[in-house]
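Descriptive structure summary
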Amino acid sequence: MVNPLEVAVRRVILTFVVVQLAMSPAFAQAVPELPFQSVPDPLTLPDDIHFGEVAGVAVNSKGHVFVFSRGNSTGPAYMATASQLLEFDANGKFVREIGKNLYAWSYAHAVRIDKDDNIWIVDKGSDVILKMNPQGRVVWVFGRKGEASHFQVPPDYASTLAGLLQRAGAAVTMPANNNPRNPVPVHRDNAFNQPTDVAWDSQGNSYFTDGYVNSRVGKANARGEWVASWGSLGNGPGQFDTPHGVAVSPKDEVYVADRGNRRIQVFDTGGKFIRQFTIDVPVDVNRGKITYGTDNPDAKTGSQAPGAPDALCMTPGPNPVLFVGDLYPSRIYKVSLEGKLLGVYGQPGRNLGEFGWIHAIACPSENEIWVGELINWRVQKLVTKGAGTR
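Residues numbered from 1 in each chain as written. Predicted model: local features only at pLDDT ≥ 70, side-chain atom pairs only at ≥ 80, totals over all residues. Heavy atoms only, no water.

1. Describing the overall build of the protein
Filter applied, for reference: Runs of H or I in DSSP of at least four residues are treated as helices and runs of E of at least two as strands, each being numbered from the N terminus. Residues are treated as being in contact if the distance between any of their heavy atoms lies within 4.5 Å. For the area figures, the Shrake-Rupley method with a 1.4 Å probe applies, and any residue is considered shielded solely by the protein chains shown.
Looking only at helices and strands, the protein has three helices and 26 strands in total. Long-range contacts, defined here as pairs at least 24 residues apart, represent 49% of the contacts in the protein between residues at least 6 apart. Accessible surface, the protein as shown: approximately 18,700 Å² in total, 54% of it carbon and sulfur.

2. Notes on the environment of Ala110
With respect to the helices and strands, Ala110 occurs in strand 6 (residues 108-113). Filtering out sequence-adjacent residues up to four positions away, Ala110 remains in contact with Ala55, Gly56, Phe68, Trp120, Ile121, Val122, Thr196 and Asp197.

3. Notes on the pattern of salt bridges
Applied cut-off: A carboxyl oxygen of Asp or Glu within 4 Å of a side-chain nitrogen of Lys or Arg is what we treat as a salt bridge. Buried, partly exposed and exposed residues are distinguished by accessible area as a fraction of the type maximum, computed with a 1.4 Å probe on protein chains only: under 20%, between the cut-offs, and over 50%, respectively.
This model, assessed by the stated rule, comprises 15 salt bridges. Where Arg259 meets Asp310, a salt bridge forms, and the shortest distance between an N and an O atom there is 2.6 Å. One end of the pair, Arg259, is in the loop between strand 15 (254-258) and strand 16 (263-267); the other, Asp310, is in the loop between strand 17 (273-277) and strand 18 (311-314), with 51 residues separating them in the sequence. Asp310 carries the same exposure label as Arg259, and that label is buried. Connected via shared salt-bridge partners are Arg262, Asp280 and Lys300.

4. Notes on the sheet that holds strand 2 (residues 53-59)
Just so we agree on the cut-off: Strands qualify as paired when DSSP identifies two bridges or more between them. Helix axes are fitted only over the stretch in contact, all axes being lines through C-alpha atoms; the angle between N-to-C directions runs from 0 to 180 degrees.
Sheet architecture is open: four strands sit in the order 2-3-4-5, paired in antiparallel fashion. Looking along the sheet, the strands with just one partner apiece sit at the ends: strand 2 and strand 5 (94-98). Recorded for the sheet is a direction-independent mean angle of 20° between the axes of neighbouring strands. Examined bridge by bridge, strand 4 (residues 84-88) and strand 5 share four bridges and lie antiparallel to one another. Note that in strand 5 the partner of Leu86 across the bridge is Glu97.

5. Considering the packing of aromatic side chains
Here a ring pair, both rings aromatic, is described through the centre-centre distance and the interplanar angle of the planes. Let me state the cut-off plainly: Stacked, edge-to-face and tilted are the three classes for Phe, Tyr and Trp ring pairs, Trp counted by its six-membered ring, which pair at centre distances within 6.5 Å; planes under 30 degrees apart are stacked, over 60 edge-to-face, the rest tilted.
Under the counting rule described, the total for this entry stands at 18 aromatic pairs. Ring geometry for Phe208 versus Trp226: centroids 6.0 Å apart, planes at 20°, classification stacked. Of this pair, Phe208 sits in strand 11 (residues 206-210) while Trp226 sits in strand 13 (residues 226-230); the two residues are 18 residues apart in sequence, bridging distant segments of the chain. Relative accessible area serves as the criterion here: at 0%, Phe208 is assigned to the buried category. Relative to Phe267, the ring of Trp230 has its centre 5.6 Å away and its plane inclined at 55°; by these criteria the two rings are tilted.

6. Remarks on the pairing of strand 3 (residues 65-70)
The buried count for strand 3 comes to six of six residues, which makes it a mostly enclosed element. Residues Val65, Val67 and Ser69 of strand 3 are buried on one face, and the alternating residues Phe66, Phe68 and Arg70, pointing to the opposite face, are buried as well. Bridging between strand 2 and strand 3 involves six bridges; their strand directions are antiparallel. Each bridged residue has a counterpart across the sheet, and for Gly56 the counterpart in strand 3 is Phe68. Relative to strand 4, strand 3 runs antiparallel, the two sharing five bridges. Pairing of Phe66 across the sheet is with Glu87, part of strand 4.

7. Brief notes about the side chain of Thr242
Mapped onto the fold, Thr242 is located in the loop between strand 13 and strand 14 (243-248). A relative accessible area of 5% places Thr242 in the buried class. Setting aside its immediate chain neighbours within four residues, Thr242 contacts Arg181, Gly211, Tyr212, Ala257, Asp258, Arg259 and Gly260.

8. Side note on the confidence of the model for the protein
The following threshold applies: pLDDT: the predictor's confidence for each residue, scored from 0 to 100.
Across the protein, the average pLDDT comes to 90, with 89% of residues at 70 or higher. The low-confidence segment residues 12-29 (pLDDT under 50) makes seven contacts with residues lying over four places distant or belonging to another chain.

In structure tokens:
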């Protein structure tokens, strides 16, 4: 005769084993590792031009590649200008430098190309987003660079200055929660506070992620008129902690890379929250070596958590997918628009096919991906060999 207590105990043990298996890396890693090739030397630079940290990369309708790099650094070590926009043809041959000596240049963050091949740049240092025509001339300016006569501009916030004065021995009463987001910044139309990215819907409306301090998404209409913004600092639906990238689907759903909260949020064009999803792939710390920072394989929040979306790209066409890159451990994830993980590419490191702080992705197709890296100061062209199951 079966003892009921023994049956109950067996069920508890079986349940415990199943839960532990589901939580283990071997069990959780149901996501396929997708094969790819990194093309050696995809871009040819002139002898007197060099990449710095590659903050942005984009591809236009002709296959020309645009790289927004923190190169051409000029000025003192502190607060030096570090923005340079370069164009290469479809064969990787250098074409031109765009915007040399442009007033907006301060600290490169993103470059995007719209459906008409206009060139959009996001400069985090100057708090400016520009629309340039295909010839490289400025058409629209969003935001305003701080005047040289002003003191209260990034990174010279009261929080930063208080720390500097304290370390210098001055008597300073440090406020609680001393950081650039405290007090909560006042959101103003047509003004940014360290913006990060830009994308467009089918009607030509522009969406700006704004960004490191303002924790919001801004919207301008097809005439360039500011019409709305939404979001605040936090971790609830519609709140952000460093919205770092944005893309818009054929259904005009707005995807926001909410990096600090380690998630991607989806909104309608009016800012109404629709859904969210998280990328969760276990990290094997014995595979590859990170190029900067420390291992943090178990983190679930923060910009250095595995899967925290740092770079975001949506392929063109009626049935797109997302490619998402993270800083740690520095991998690329292929994701459906519904949030299903389709596969993963690469590992951390300094060699071809390895990554060091992925900051930008351009994806002209599912089979061709361009990756901009901060720590490795380079652009990689990846040719994929497996589509992944949708």
